[in-house]
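Overview (structure and organization)
Chain residues, written in single-letter form:
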Amino acid sequence: MGSSPTPADSPGAAHYNRLQRWLGIADFALGLALLVVLLATGWTGTLRDLSYRAAFQNYSLAVFLYLVILLAISKFLSFGLDYYGFRLEHKYQLSNQKLRPWLFDEVKGFALGIVLGGIAIEVLYFILRQYPEHWWLIAWGVFMGLFVLMAQLAPVILFPIFYKFEPLDDEDLKRRLIVLGERAGTRIRGVYRWRLSEKTKKANAALAGLGSTRRIILADTLLDNYSHEEIEAVLAHELGHHVHRHILKSIAMQAATSFIGFWAANLALHYAAERLHVFESLSDFANLPLLALVFTVLGFLLMPALNAYSRYNERQADRYAFESIASVEPFISSMNKLAGQNLAERTPSRLVEILFHSHPAISRRVEAALAWERKSA
Ligand SMILES: [Zn+2]
């Protein structure tokens, strides 16, 4: 082959991605350390007593105040890292966001955490109080219900808090999508232009929602800089996720892992209350850091497996794209464009890919496209 299909990574891309990874690891370690310190020092009990007093001994209100204090401490501790992340995007000229709008997003994110976390914790400790025997099974069922509801509502309620969306008004692209959809025997209800350029220079695309909210969203940073053939290749990939029912499968995966999580949490809470006598009962909400710790550690342990599953789905969606577009050429050029624009590592080390990447490396995706073309020629 004359020219390599995958250009080499720039030193900047390698450096940027290494810093991003360290940022993620530091953020994770900080969160973990906070939970461990709260439990080991007994400060979680102090916080509980404080919450009770501020709530005039009302249980539900105290649970909520405890959560707010916990989230505030956590945000206070991690804010330095968040700000470093903001600076990093600017340093590599990837951001279009000024400090004030970024701070406003931080505030919105924090408020959203309090609302969603507040609902979750009230439901959880209500179940723990009412059904101490089978709480973990009931909570698992209820949380899966909430999870499905959120997957359905996210595109219409959550995403618009941070981003603007408008229906795609490009007739040629719409026509291409209809043809792709008809070939797949499916119909996507909506394609939306996602105004990502207000925040970043990076490009992105996604399939989101369930049932009537199912939609493909395409960043304006992609729509404005890619040829129609390249956008069609991206659309075909997203349609591949739809055809292979990847959102439904991810929900099933979530159900399996959270079942293990609630089961392990039940063991941990019983052990802490009955053997170690550090909590008065299961519904003593000072045990929240222990619950969070169980889910955090489980999530960490399962991350390589969940990433492997995600990469498998991505390869499936890619294959679907190869089959539905006239030539893999625009797919390959869109991949290389995306890598350049997002400062992604086209060829990360195998270990980094296995541990951290939800998508196969760009170089592998390009290789797969070329292999498919050779096979079908
Ligand atoms: Zn994908």
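Here goes a summary of the coordinates provided.

About the criteria used
All residue numbers here refer to positions counted from 1 along the written sequence of the relevant chain. Reporting of local features is limited, given that this is a predicted model, to residues whose pLDDT is at least 70; pairs of side-chain atoms are given and counted only at 80 or more, and all residues count toward the totals for whole chains, interfaces and linings. Values reported for side chains reflect all heavy atoms of the structure, with hydrogen atoms and water molecules removed beforehand. Here an angle of 0 to 180 degrees is reported between the N-to-C directions of two axes, which are lines fitted to C-alpha atoms, with helices fitted over the stretch in contact. Numbering of helices and strands starts at the N terminus; helices are DSSP runs of H or I of at least 4 residues and strands are runs of E of at least 2. Working definition: roughly parallel below 35 degrees, roughly antiparallel above 145 degrees, roughly perpendicular at 65 to 115 degrees, and oblique for all remaining angles. Left-handed describes a crossing in which the near helix is turned anticlockwise from the far one by less than a right angle; the clockwise case is right-handed. A contact between two residues is defined here by any heavy atoms of the two lying within 4.5 Å. Ten residues, namely Ala, Val, Leu, Ile, Met, Phe, Trp, Tyr, Cys and Pro, are considered nonpolar, four, namely Asp, Glu, Lys and Arg, are considered charged, and the remaining ones, Gly among them, are considered polar. Buried residues of nine kinds, namely Ala, Val, Leu, Ile, Met, Phe, Trp, Tyr and Cys, make up a nonpolar core once their side-chain atoms join them within 4.5 Å. Residue burial is assigned from relative accessible area. The probe radius is 1.4 Å, only protein chains are included, and a residue is buried under 20% of its type maximum, exposed over 50%, and partly exposed in between. DSSP bridges decide pairing: two strands pair if at least two such bridges lie between them. Water is not part of the atom set, so a site may look incomplete; the donors themselves are N, O and S atoms within 2.8 Å of the metal, or 3.2 Å for Na, K and Ca. Note on aromatic contacts: the rings of Phe and Tyr and the six-membered ring of Trp form a pair at centre separations within 6.5 Å, being stacked when their planes are under 30 degrees apart, edge-to-face when over 60 apart, and tilted otherwise. For this document, the term salt bridge refers to a Lys or Arg side-chain nitrogen within 4 Å of an Asp or Glu carboxyl oxygen.

As a further point, take the packing of helix 8 (residues 228–243) against helix 10 (residues 288–324). In the contact formed by helix 8 and helix 10, the axes pass within 7 Å of each other and the chain directions differ by 125 degrees. With respect to each other, helix 8 and helix 10 are oriented oblique. Seen from above, helix 8 lies across helix 10 with right-handed handedness. Touching Ala233, Ala236, His237, Leu239, Gly240, His241 and Val243 of helix 8 are Asn313, Glu314, Ala317, Asp318, Tyr320, Ala321 and Ser324, all from helix 10. Broken down by class, the residue content of the contact of helix 8 with helix 10 amounts to seven nonpolar, five polar and two charged.

Bringing the nonpolar core into the picture now. Core analysis: the biggest nonpolar cluster contains 44 residues, and Ile216, Leu218, Leu222, Ile231, Leu235 and Phe331 have the highest contact counts within it. Per-element tally for this core: the top contributor is helix 8, with six residues. When sequence neighbours within four positions are dropped, the list of residues in contact with Leu222 reads Ala203, Asn204, Ile231, Val234 and Leu338. Listed in part, the 30 residues of the second largest apolar core include Tyr59, Tyr125, Ala272 and Leu290.

The strand order 1-2-4-3 describes an open sheet built from four strands, whose pairing is mixed. In this open sheet, the two edge strands, each paired with only one partner strand, are strand 1 (165–167) and strand 3 (205–208). Going from strand to strand, the sheet's axes swing by 30 degrees on average, the running direction of each strand aside.

What follows deals with the coordination of the zinc ion. The coordination sphere of the zinc ion contains the protein donors His237 (NE2), His241 (NE2) and Glu314 (OE), at a distance range of 2.0 to 2.1 Å. Motif for the zinc ion, donor spacing along one chain: H-x3-H-x72-E. Here His237 is found in helix 8, whereas its partner Glu314 is found in helix 10, with 77 residues between them in sequence. Side by side, His237 and Glu314 carry an identical accessibility label, which is buried.

In this structure the tally under the stated criterion is 19 aromatic pairs. Aromatic side chains Tyr16 and Tyr92 sit 5.2 Å apart centroid to centroid with 55 degrees between the ring planes, which places their arrangement in the tilted category. Here the residue Tyr16 occupies a position in helix 1 (residues 11–41), and Tyr92 occupies one in the loop between helix 3 (59–91) and helix 4 (99–130), the gap between them amounting to 76 residues. When sorted by exposure, Tyr16 lands in the same class as Tyr92, which is buried. Ring centres of Phe322 and Phe331 lie 4.9 Å apart, and the angle between their planes is 85 degrees; this geometry places the pair in the edge-to-face category. For the residue pair Phe322 and Phe331, the accessibility class agrees, reading buried in each case.

Judged from the four bridges that link them, strand 3 and strand 4 (residues 215–219) form a sheet pairing that is antiparallel. If you follow Ala206 over to strand 4, its bridge partner there is Ile217.

On to the pattern of salt bridges, then. As enumerated under the stated definition, the model contains 22 salt bridges in all. Among the ionic pairs, Asp49 bridges to Arg48, the shortest N-O distance being 3.1 Å. The class of Arg48 is buried, set by a relative accessible area of 12%. Between Lys75 and Glu106 there is a salt bridge, with the nearest N and O atoms lying 3.0 Å from each other. With Lys75 in helix 3 and Glu106 in helix 4, this residue pair connects regions lying 31 residues apart in the sequence. Of the residues examined, Lys75 reaches a relative accessible area of 25% and is grouped as partly exposed. By relative accessible area, which is 17% here, Glu106 ends up buried.

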